[in-house]
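# Architecture and fold: a report
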Amino acid sequence: MRKVIGIGETVLDIIFRDDQPVSAVPGGSTFNALISLSRAGVNTSFISETGNDRVGRMILKFLKDNGCQADCVSVYPDSKSPLSLAFLNERNDAEYIFYKDHPNDRLDFTYPDVQPDDLVLFGSYYALNPVIRPQVKGFLEYAHERGAILYYDVNFRASHQHEVMKLTPNLLENFELADIVRGSSEDFEILFKKSDADAVYRSQIMFYTKNFIYTHGAEPIELRAAGALRKQYPVEQVDTVSTIGAGDNFNAGILFGMLRDGIMRRDIESGLSEQQWDSIIAAGQRFSTEVCKSLYNYVSPEFGSTVHSL
């Protein structure tokens, strides 16, 4: 059975509205996607780290309760689990403040079983962090050699803008390892001072991979893919409760669509058809739309149990 392996951070997201806390849920970009995929019946495994504290124990229990394999989550006794404060504005978009014990970053794990055509999800600062870069890169290279499909979500926050020059070599290595790159207009504005999908694709992406998904909030999704495929997908306008996790669940939906439609690495290497991309992007949008209807970072178990009909 094919599976999705994610590598990324774990945090406790404390969500504020009108400067008052309204929710606290386990989170992290890759974490959110894996929980949604687990709820949709996908076999998932998570590589991460957390502290040996109440928050860390809550996160581990949440992974296991949702059926996500957590054997590769390292627990460090002298580290505190990270927190994220998310302040929702009038449009229910979030502004973040992160509290993380970065000097204690480290990553020590045994590789999970990786089989040909498994899917690997990676991204955010975690995939660039120089402190754990050797371990992250080593696993990504191993997964690539094993025949997995690598999906990279850039997800670069403005809080790391001062590190762009230092992190660029790691970023380019990630582009080179990835079979599909997904990024937002905000990511590329911060990284390259470019916000046009074609300009980003031509100057930064296509040399490394032909498959590029560009998102821009409520604006149409832009696809650039092998075979000179170039397409826009309108974004459904919905009443949102929170946009936290919208991008993470878009990723989850893309990966779900690839599994559902039987997309293998050889298919990606030879170039997916427009119809295949249409089906995959639609799944991404469905997951993303669903998560915006609640304060949670992942789709509901009820949605997950019916998602096979997507």
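For the structure, check the block above.
Here we summarise the structure given alongside this text. Because the structure is predicted, anything quoted here is derived from the model rather than measured.

### Details of helix α2 (residues 54–65)
Given a rise of 1.5 Å per residue, 12 residues ought to cover 16 Å, and the 16 Å separating the end C-alpha atoms of α2 matches this to within 8%. Those residues of α2 that sit buried are V55, G56, I59, L60, F62 and L63. All buried residues of α2 project into a common sector of 160° when viewed along the axis, lining one side. Along α2, the residues that are exposed and aim more than 90 degrees away from the buried face are R54, R57, K61, K64 and D65. On its buried face, α2 sits against β2 (11–17), β3 (20–27), α1 (29–39), β4 (43–51) and β5 (68–76). G67, located one to two residues past α2, shows a positive phi value of around 80°.

### Details of the pattern of salt bridges
Close approach of charged atoms lets side chains of opposite charge pair. In this structure the tally under the stated criterion is 19 salt bridges. We note a salt bridge from D198 to R230, for which the minimum N-O separation is 2.6 Å. Taken together, the residues D198 in helix α6 (residues 197–205) and R230 in strand β13 (residues 229–233) connect sequence positions 32 residues apart. The exposure class of R230 is exposed, given its relative accessible area of 56%. Through salt bridges that share partners, R133, K137, E141 and E173 make up one connected network.

### Overview of α6
Counting buried positions over the nine residues of α6 gives seven, a clear majority of the element. What α6 keeps buried is the set A197, D198, A199, V200, Y201, Q204 and I205. Turning to α6, the residues buried within the fold contact α4 (164–177), β10 (180–184), α5 (185–192), β11 (212–216), β12 (219–225) and β13. Looking at where α6 begins, the residue whose side-chain oxygen comes 3.2 Å from the main-chain nitrogen of D198 is D196.

### With respect to the sheet that holds β11
Within the open sheet, the nine strands sit side by side as β5-β4-β1-β8-β9-β10-β11-β12-β13. Their pairing is mixed. The open sheet has two edge strands with one neighbour each: β5 and β13. Taking the axes of each pair of neighbouring strands and ignoring which way they run, one obtains an average angle of 15° across the sheet. Note: strand β8 (residues 119–123) against strand β9 (residues 149–153), five bridges, orientation parallel. Opposite L121, over in β9, you have Y151 as the bridge partner. The sheet contacts of α4 involve β8, β9 and β10, and relative to β9 the element is tilted by about 140°. The sheet strands contacting α5 are β10 and β11, and the helix crosses β10 at an angle near 85°.

What counts, and where the lines are drawn
Residues numbered from 1 in each chain as written. Predicted model: local features only at pLDDT ≥ 70, side-chain atom pairs only at ≥ 80, totals over all residues. Heavy atoms only, no water. Helix = DSSP H or I, 4+ residues; strand = E, 2+ residues; numbered from the N terminus. Expected span 1.5 Å × (residues − 1). Buried < 20%, exposed > 50% of the residue type's maximum accessible area, 1.4 Å probe, protein only. Arc of directions from axis to C-beta. Contact = heavy atoms within 4.5 Å. Salt bridge = Lys/Arg side-chain N within 4 Å of Asp/Glu carboxyl O. Polar contact = N/O pair within 3.5 Å; in protein donor to acceptor, adjacent residues only side chain to side chain. Pairing = 2+ DSSP bridges. Axes fitted to C-alpha atoms, helices over the stretch in contact; angles between N-to-C directions.

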